Amino acid sequence: MDKPFIIPSPKPGPFVMGQDSQRHPEVPRGTVTKHSWRSTIFPGTVRDYFVYVPVQYSAETPANLMVFQDGGTYVKEDGDVRAPVVFDNLIHQGKLKPTIGVFVNPGFFPPVAEGKDPISNRSFEYDTLSDQYARFLLEEILPEVAKSYRFTEHAEGRAIGGASSGGICAWTVAWERPESFSKVLSHVGSFANIRGGHACPFMIRKAAAKPIRVYLQAGSNDLNRDWGNWLLGNLQMASALELKGYDYHLEYGVSEHN
């Protein structure tokens, strides 16, 4: 099981952050605030979410918007992604329009008794093929953020991203609500049969193309489990997107599930 199933390839070395993922003294820092939310669309669940606002934000001009699943991972200043750092740098360089980032953690059910652990709702929220998570964002989280900040209502200025189950979740949200999100970022997306996600490529093939741009990242050392092969799932996605004429990119390498 240590050998990759598809293409024999070396294990990847340590990932080296690029300059856009580093702090630079001349680049102004946006603000990140932490919030909590109790959902009604996912009844009984609670979660934290974070809001990033760039220095260049002005209430007079609606900002672009990007939502991230597993928000605590993406928002960490010293984490593997450092999205606020990247946003600060790209906005400062003029490569990215002022963009508000909304980083949402998966929900959990509080412990039922003292000494018990909380119960994660992540897989149900992220891996299910339905519009429930899209409604959660559009009816609960984003209206709450909009009480404090103006961001565009137009899909072309709104993106959504995530990793693993968060990646398929990002795709499902855009698929269900292309009028609200037109861009998808999926890192090692779980297009596997966890909760039916292996069907996504075939849904794409059978439907008229939707106005969604997609960036997929996958690697030859990704997971091979009872639910499926993660690389194969992403290759199937890329093939289906190619067939239907989507604007997409597949970043393929030797990465593992990261």
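A. Quick look at the overall build of the chain. A tally of helices and strands in the chain yields seven helices and 12 strands. In terms of C-alpha radius of gyration, the chain reaches 18 Å, essentially the compact-globule figure of 18 Å for 258 residues. C-alpha extents for the chain along the principal axes are approximately 50 × 50 × 45 Å. Residues classed as buried in the chain amount to 48% of the 258 residues present. In the chain, once contacts between residues fewer than 6 apart in sequence are set aside, the share between residues at least 24 apart is 75%. Carbon and sulfur atoms make up 54% of the accessible area of the chain, which amounts to about 12,900 Å² in all. For the chain, the distance from the average site of its 26 positive side-chain charges to the average site of its 28 negative ones is 3 Å.

B. Inspection of unusual backbone geometry at higher detail. Phi angles above zero are rare outside glycine, and R82 is one such case at about 60 degrees. Its location among the elements puts R82 in the loop between α1 (71–75) and α2 (83–93). You can call R82 buried: its relative accessible area is 19%. Its identity as a non-glycine residue notwithstanding, V188 has a phi of 40 degrees, on the positive side. Within the element layout of this structure, V188 appears in the loop between β8 (183–187) and α6 (200–206). Assessed through its relative accessible area of 2%, V188 is described here as buried.

C. Quick look at the pattern of salt bridges. Taken as a whole and judged by the stated rule, the model has 10 salt bridges. Residues R29 and E77 are paired through a salt bridge, measuring 4.0 Å at the closest nitrogen-oxygen approach. In this pair, R29 is assigned in the segment before β1 (31–38) and E77 in the loop between α1 and α2, connecting sequence segments 48 residues apart. Judged by its relative accessible area of 52%, R29 is exposed. Classification of E77 as partly exposed rests on a relative accessible area of 37%.

D. Structural view of a nonpolar patch on the surface. Together, L232, L235 and Y252 make up an exposed nonpolar region whose accessible area comes to about 230 Å². One can find L232 in helix α7 (residues 230–243). In this structure L232 comes out as partly exposed when scored by relative accessible area, which is 37%.

E. Local environment of the side chain of E140. Of note, E140 is situated in helix α4 (residues 132–146). R47 provides the closest opposite charge to the buried, unpaired E140, separated from it by 6.5 Å. Within the local environment of E140, its side chain forms a polar contact with the side chain of T40, the two groups lying 3.0 Å apart. Beyond its immediate stretch of four places on either side in the chain, E140 contacts W37, R38, S39, T40, I41 and R135.

F. Structural context of the packing of aromatic side chains. Evaluated as defined, the whole model comprises 12 aromatic pairs. Aromatic side chains F42 and F124 sit 6.3 Å apart centroid to centroid with 85 degrees between the ring planes, which places their arrangement in the edge-to-face category. Within this pair, whereas F42 is found in the loop between β1 and β2 (46–53), its partner F124 is found in helix α3 (residues 122–127), the two being separated by 82 residues in sequence. Among the residues examined, F42 registers a relative accessible area of 3% and is labelled buried. Residue classification places F124 among the partly exposed positions, given a relative accessible area of 34%. Among the aromatic residues, ring-to-ring pairing joins F42, F124, Y126, Y133 and F136 into one connected group. Positioned over the ring face of W175 is K210, at 3.8 Å from the centre of the ring.

G. Molecular detail of the confidence of the model for the chain. Counting all residues, the mean pLDDT for the chain is 95, and 97% of those residues have values of 70 or more. Of all the helices and strands in the chain, strand β12 (residues 247–253) carries the lowest mean pLDDT, 95, while helix α5 (residues 165–176) carries the highest, 99.

H. Representation of α5. Taking 1.5 Å per residue as the helical rise, α5 with its 12 residues ought to reach 16 Å, and the 16 Å between its terminal C-alpha atoms agrees with that figure. When you tally the buried positions in α5, you get 11 out of 12 residues, the bulk of the element. Of the residues making up α5, those classed as buried are S165, G166, G167, I168, C169, A170, W171, T172, V173, A174 and W175.

The rules we used
Residues numbered from 1 in each chain as written. Predicted model: local features only at pLDDT ≥ 70, side-chain atom pairs only at ≥ 80, totals over all residues. Heavy atoms only, no water. Helix = DSSP H or I, 4+ residues; strand = E, 2+ residues; numbered from the N terminus. Rg over C-alpha atoms; globule rule 2.2 N^0.38 Å. Buried < 20%, exposed > 50% of the residue type's maximum accessible area, 1.4 Å probe, protein only. Contact = heavy atoms within 4.5 Å. Areas by Shrake-Rupley, 256 points an atom, 1.4 Å probe, with all protein chains shown as cover. Lys, Arg positive; Asp, Glu negative; His and termini not counted. Charge placed at Lys NZ, Arg CZ, Asp CG, Glu CD. Salt bridge = Lys/Arg side-chain N within 4 Å of Asp/Glu carboxyl O. Patch = residues over 30% accessible without salt bridge, like charges linked within 9 Å, V, L, I, M, F, W, Y side chains within 5 Å. Polar contact = N/O pair within 3.5 Å; in protein donor to acceptor, adjacent residues only side chain to side chain. Phe/Tyr/Trp six-rings, centres within 6.5 Å; stacked < 30°, edge-to-face > 60°. Lys NZ or Arg CZ within 6 Å of the ring centre and 35° of its normal. pLDDT = per-residue confidence, 0-100. Expected span 1.5 Å × (residues − 1).

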